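Chain by chain, the residues run as shown.
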Amino acid sequence: MPSNNVSTSSAQAMAAANKAASAGKAYQAVAQSAGITIQDATDSLRNVQTMSNTARGAALGQLLATEDVATFTAVTTAIATMETACIANYTAIGAAASDVLAGFPSS
């Protein structure tokens with residue numbers, strides 16, 4: 001009889017260890033997905049910044065050529081709005097990834 005209790009106890013310990021290991025692997029997968037999501041958002045932010053800088057430079061060139069301050073102001077305002085929206089999106093993605101990760105059990 002004692003050997004049966006030891007076997008049951010060992011089996012329960014192994015099951016608990018396997019469950020913890022599985023949870024740890026799942027947590028790592030979720031963490032990796034969150035990291036990739038943030039990297040993608042960073043790439044998007046970088047691309048928008050590149051487009052913004054290019055558009056701002058082109059608008060400045062047109063301002064110098066035409067002296068049309070009103071159009072230059074409208075274009076640079078639109079560029080700033082686009083940048084602000086992209087930063088807000090980046091912040092939201094980062095917060096969502098963090099929330100998902102924080103809500104996922106690590107063990």
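Residues numbered from 1 in each chain as written. Predicted model: local features only at pLDDT ≥ 70, side-chain atom pairs only at ≥ 80, totals over all residues. Heavy atoms only, no water.

Engineer: Tell me about the overall build of the protein chain, and name the residues and values.
Structural biologist: Helix and strand content of the protein chain: two helices and zero strands. For a compact globule of 107 residues, the expected C-alpha radius of gyration is about 13 Å, and the protein chain comes in at 27 Å, more than 25% above that figure. Counting only C-alpha atoms and orienting by the principal axes, one finds that the protein chain spans roughly 95 × 15 × 5 Å. Put simply, 81% of the contacts in the protein chain that link residues at least 6 apart link residues at least 24 apart. A total of about 7,400 Å² of accessible surface is found on the protein chain, and carbon and sulfur atoms cover 63% of it. Taking the 4 positively charged and 6 negatively charged side chains of the protein chain as two groups, their mean positions are separated by 23 Å. (Helix = DSSP H or I, 4+ residues; strand = E, 2+ residues; numbered from the N terminus. Rg over C-alpha atoms; globule rule 2.2 N^0.38 Å. Contact = heavy atoms within 4.5 Å. Areas by Shrake-Rupley, 256 points an atom, 1.4 Å probe, with all protein chains shown as cover. Lys, Arg positive; Asp, Glu negative; His and termini not counted. Charge placed at Lys NZ, Arg CZ, Asp CG, Glu CD.)

Engineer: Before we move on, could you go through unusual backbone geometry and cite the residues and values that matter?
Structural biologist: Of note in this structure, Glu67 is not a glycine but carries a positive phi near 60°. Considering the arrangement of structural elements, one finds Glu67 in the loop between helix H1 (2-66) and helix H2 (69-103).

Engineer: Help me get a handle on the pattern of salt bridges, residues and values and all.
Structural biologist: On inspection of all chains with the given rule, the structure shows two salt bridges. We note a salt bridge from Asp43 to Arg46, for which the minimum N-O separation is 2.8 Å. Within this pair, Asp43 and its partner Arg46 are both found in helix H1, separated by three residues, close to a single helical turn. Residue Asp43 is classed as partly exposed on the basis of its relative accessible area, which comes to 36%. (Salt bridge = Lys/Arg side-chain N within 4 Å of Asp/Glu carboxyl O. Buried < 20%, exposed > 50% of the residue type's maximum accessible area, 1.4 Å probe, protein only.)

Engineer: Summarise the side chain of Glu83; cite the residues concerned and give the values.
Structural biologist: Assignment of secondary structure puts Glu83 in helix H2. Dropping the residues within four chain positions of it, Glu83 is found in contact with Gln49, Ser52 and Arg56.

Engineer: Any chance you could break down the environment of Glu67 for me, citing the residues and the numbers?
Structural biologist: A relative accessible area of 66% places Glu67 in the exposed class. Taking the C-alpha atoms as reference points, Glu67 and Pro105, 38 residues apart in sequence, are found 60 Å from one another.

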